[in-house]
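Chain by chain, the residues:
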Amino acid sequence: MKGFMDVLRQMAHYPTAVIGMVVIALLLIVSIVTPIVIPYNEAVRLWRGGENVWRFYPRNAAPAWFNWFRSTDQAASIILNSAEGDVESTIEQISADTREERFSFEFDFPYDTFPSEMIMFAAAKYASKQPFIEMTWITPDGREIRAGEFSAGPNTPVRFDQDTRLQRRLERETGIKNVPVVKGLFDDPNIEGLQVLQGTYRLDATALLFEPESALDLAFVSYGQVHGWAGTDHQRRDLSVALLWGTPIAMAFGLLAALLTTVTTMGIAAFGVWVGGWVDAVIQRITEVNSIIPLLPILIMVGTLYSRSIWITLGLVIVLSIFGLQIKNYRAIFMQVKESAYIDAARAYGAGDMRIIFRYLIPRILPLVIPAIVILVPSFVFLEASLAVLGLGDPFIPTWGKLINDANTQGALFNGYYYWILLPSILLMVAGLAFAMVGFALDRVFNPRLREV
Amino acid sequence: MATDVITGGLDFNAEVDVESIEASARKARIQSIRQLVRYTVLKLVALVVTVAIGVYITILVANMGGAVDKMRLATIREGVALAATANPEFKNMSSAQRVDYINKKVELESKRFGLDRPFAIRSFEFLRDGMTLNLGYSQQLMSDSGSRLVRNILLERLPSTLILFGTANFILFFLALFAGLSLSRRYGSFADKAVLTLAPTSAAPAWFYGLFLILIFAAWLKVLPFGGMVDAPPPDNPLDYALSMAKHMILPIMAWLVSAIFLTAYNWRTFFLIYSSEDYVEMAKAKGLSDSMIERRYVLRPTLPNIITSFALMLIGLWTGAIIFETVFNWPGIGELYFRAIGVFDTPVIVANTVLYAYLLALTVFLLDFIYALVDPRVRVGGGGRKQ
C-alpha cells in the first residue's frame, strides 16, 4: 500500500500522467455507470430497434453543442405528444355518437434554420369508422394556412413534405416554385427568398370521432438539425447510446487483453528460462513461428467464417499472443536475474522451482511488466475498433468502432456529417492517449534508468 | 574484438610487411562473405519452415468448419460443369441427365483429389497448395484483367501494396534516424521534450490518423484526393501517371508517418544517447574528431543493429494494420482486396490473402535480418549472429 502511494506521488511529477489518470478514472466511472443506467438488453434493443424506437428522433442530426460554434442557430427537435400530456384537447359533443376534439400544438421557434422534416403521428382506436382530422397552420404574424386533412388509423404518420396540395398552396403563398413544404410553412413572406420567421407557431388539429368508444392521440414532431449531445445517425438512432456503451466494451476488451496476454507471455518466458534446455529452445521457435502468423487476418478469417462475438475475438487474441514477441524481452531479463546471487541463495536453502519462479523471478520483473500492461491497453482498444471498422464488430453490442464503420459506409465525411466520425474517434484517441501517457510515466517511475537519458 | 581485421588495422607497427597485411585483409573479406552467405541461407531455410508452419496453422483454422473442403469441391464442380457444357457430345442430353452426369463426375473427381481421405493427410496437400497460393477460383471477386484465379487476383494487387508500404517505411526509417540523431544532439531541448510528450500518440494506428487527415485535407480543404491510387481516368503519359500516383500517396504516407514517427524517433534517440555516453566516444572527442565523424563512426555504427531490430519489430506490428489502412484510403492493394473479400464472403481469397500476409511478414523479417547481418560485424566475423 505504501509502495502504491509512493508511485502515485512520483506520478504527480508528470502532468501528462495526471491528466491520463483523470481521464482513465472518468472512463472507468462511465464504464461502471452505463451498464447500470442502460442495461445490456436495453442497449441491444435500442440499437437494433429500428424506426419504432427512434421515430421521434431526427435523421443525421449534429450534436446540439455544434450551435455554439456556428453563427446561425440550428433548429432543435420539437415533440408535442398528446399521449404524454404535452397538449390538452377540448371536446365538443356534436351528436350522440360524434364528437369533435380540438388539439392545439403551440410552440416557440427561435431558430435560424428550418426543421429537417415534420410529421404528425396519429394513433386512433375505433371499431369501423376512422376518425377524421383537419389541420390548420397559424404563423406568428397571424396567417392561417390549411395544412391538410387525413383519416387516422391505429398508427398513421402524416408527412407534411408529401402533401402536394399543401405544397401548391405554399407556392402561391411564398411565390417560390417547388418550395419544400416544411420550409414554406416557416418562411417569412416579407423577405425575398427562404428565410425563417421566428416566433410562436400554432398547429390546430380538429378531429371528428364518429364512435363513442373511439379515442385519438396525436403527436406532432418537428425534426431538428441538431439533437442531444451526440447527434443521430442515418437510422435516427441517438449516437449517445453507442458512445456510452462503447466505453465499457473498449475498457473491458483493452484491459483484459493487455493483462492476460502479458501475464501468460511472462509466465511462459519465466518457465522457459527456468527449465532451460530443449523446452526453452521450443518456446523460442514457437515464438518465431507465431510472429509470422498475421494476427488481424486470422481474426478476420475467424470473424468471417465462424463467429463475430467480441468474447471469442478476445479469447483468440489472447491465444495468439501467448507466444508473442515480448517473450524475447522478458527472456533476456529473466536470464540476467537467473544468474543473480540471491537466486543461488534461495536454492541453497532448498526452495522449490515454483517458489523461486513466483517469489523471486516474477516480483523482480513486475516493474517492467506493469508499465507494459498499461502501454498495451490502447493497442487492444484500437484492435477491437479496427475489427468493427472492417464490419466484423460484435453483431449485438454498439461500440465506437461500429459507429466509425457506419459513418464510413454512409459516406459521412463526403456528406459533411463530421460529428459522426469525430465523436467516436476522439473518444478512442482520448482513451488510447490516456493509457499511453500513464504507461510512459509509470515506465519512468519504475525504471529510473530511463530518467537519466 | 576482431573488428580491426576488417578495417585493415591501424598501422601501429611500421616494420610489418604491407603485403602480408593486404593478404590477410583479403582473406578476412572472403571469410566474412562466406559467413554472410551461410547466415543468409540459414535464415532463409528457417523462414521457409516458419512460413510453412504458419500457413499450416492458418489452414487448420480456416478448415475448422470445412471451409477449405467446400472451396475444393466448388472448384471441382465448376471445372466439371464447364467441361460438360463445352463438350458438343452432351448437347443432346436432357438437363436432368446432364445434372446426373455432372454429379457422378464430381464424385469421381473428388475421389481423385482425395477429398474422401482423412483431413490429416489432405491438410498437407492444402499446405502445398497454400504455399504456392494455388487455391483455385474465387467465388465472387475478379481481377481487373477478368481472371478468377485467386493467384492472379492477388498478384495483380501486390505491386500497389508494395509501392505504398515500401515508400512509407523507407521514408519513416530515414526520417526517424535523422530525427533521433538530431534529438540526441540536443538532449533536453524543447524539441526533445515535445517528441517525448508526443510519443504516446503512437498508440493510435495509422488508419486512425488517416481518417483525420482525409477529413482535413480532402473533405475540408479539398486540396488532396479522398483516396484511390490514380485519378480517374488514369493518365496515359507515364510521367503524369506517376505524378497522379504521388499525389494520391501524400495522405497515406503522412498518416503512416504521424502514427509512428514520434515514438520511433524517441526510442532511437534513447539508443543514440546510450551509445554516445560510451568511453570510446569520449576518447574520440578528446582526440578532436569532428562531430559528424564521431556520429557516423562511433555512435551510428554500434547503434544500427539495435535500430534495425526495433524497426523489424515495429514493422511486424504495423503490417497488421495494413488492411484497414488500405481500406480507409481506398488503395487498391491486397489489404483493400481483403476487405472486399470479407464483404462478399469469398473464402478462397480470404485464405490465400492470409497466406500472402504471412509471406510478407516473413519477407520483412528476412530483409531486415539480411541488413542486420550487413551492419553487424559479429555476424560476418565468426560469431553466432544475433544474440537472442
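Reading the values: rules and limits
Residues numbered from 1 in each chain as written. Chains lettered and ligands numbered in written order. Predicted model: local features only at pLDDT ≥ 70, side-chain atom pairs only at ≥ 80, totals over all residues. Heavy atoms only, no water. Helix = DSSP H or I, 4+ residues; strand = E, 2+ residues; numbered from the N terminus. Buried < 20%, exposed > 50% of the residue type's maximum accessible area, 1.4 Å probe, protein only. pLDDT = per-residue confidence, 0-100. Contact = heavy atoms within 4.5 Å. Pairing = 2+ DSSP bridges. Lys, Arg positive; Asp, Glu negative; His and termini not counted. Salt bridge = Lys/Arg side-chain N within 4 Å of Asp/Glu carboxyl O. Patch = residues over 30% accessible without salt bridge, like charges linked within 9 Å, V, L, I, M, F, W, Y side chains within 5 Å. Areas by Shrake-Rupley, 256 points an atom, 1.4 Å probe, with all protein chains shown as cover.

Let us now look at the environment of B:Gly343. Counting through the fold element by element, B:Gly343 comes out in helix α12 (residues 334-343). When its relative accessible area of 58% is taken as the criterion, B:Gly343 is described as exposed.

Another aspect to go through is the confidence of the model for chain B. Residues and elements named next belong to chain B. With 91% of its residues at a pLDDT of 70 or more, chain B shows a mean pLDDT of 80. For chain B, per-element mean pLDDT is lowest for helix α1 (residues 3-6), which scores 43, and highest for helix α6 (residues 150-185), which scores 90. Residue range residues 1-11 is modelled with pLDDT below 50. Its contacts to residues more than four positions away, or to other chains, number six contacts.

All names here are of chain A. Note that strand β5 (residues 132-138) and strand β6 (residues 144-151) share six bridges and pair antiparallel. Following the sheet pairing, Thr136 is matched in β6 by Arg146. Connecting the antiparallel pair β5 and β6 is a turn made up of five residues, with Gly142 showing a positive phi of about 90 degrees.

In this section: unusual backbone geometry. Of note, the phi angle at A:Asn60 is positive, near 50 degrees, even though the residue is not glycine. Tracing the backbone through its elements, the reader meets A:Asn60 in the loop between α4 (51-54) and β1 (78-81). Here A:Asn60 falls in the buried class, since its relative accessible area comes to 19%. Within the chain, B:Lys222 stands out as a residue other than glycine whose phi angle is a positive 60 degrees. Mapped onto the fold, B:Lys222 is located in the loop between α8 (206-220) and α9 (238-276). The exposed category is assigned to B:Lys222, whose relative accessible area is 65%.

Residues and elements named next belong to chain A. Tracing the chain through its elements places Asp188 in the loop between α6 (181-186) and β8 (199-209). Lacking a salt bridge, the buried Asp188 has Arg143 as its closest oppositely charged neighbour, with an N-O distance of 6.1 Å. Setting aside its immediate chain neighbours within four residues, Asp188 contacts Gln195, Val196 and Leu197.

Turning our attention to a nonpolar patch on the surface. Taken together, the side chains of A:Val18, A:Val22, A:Leu26, A:Ile29, A:Ile32, A:Val33, A:Ile36 and A:Val37 define a hydrophobic patch exposed on the protein surface, amounting to about 750 Å² of accessible area. Residue position: A:Ile29 is located in helix α2 (residues 15-37).

Okay, the pairing of strand β4 (residues 117-125) of chain A next. All names here are of chain A. Where burial is concerned, most of β4 is hidden: seven out of the nine residues are buried. In the sheet, β4 pairs with strand β9 (residues 215-223) via nine bridges, with the strands oriented antiparallel. Note on β9: the bridge partner recorded for Ile119 is Val221. As paired elements, β4 and strand β7 (residues 156-159) share four bridges and run antiparallel to each other. Its bridge partner lying in β7, Met120 is registered against Val158.

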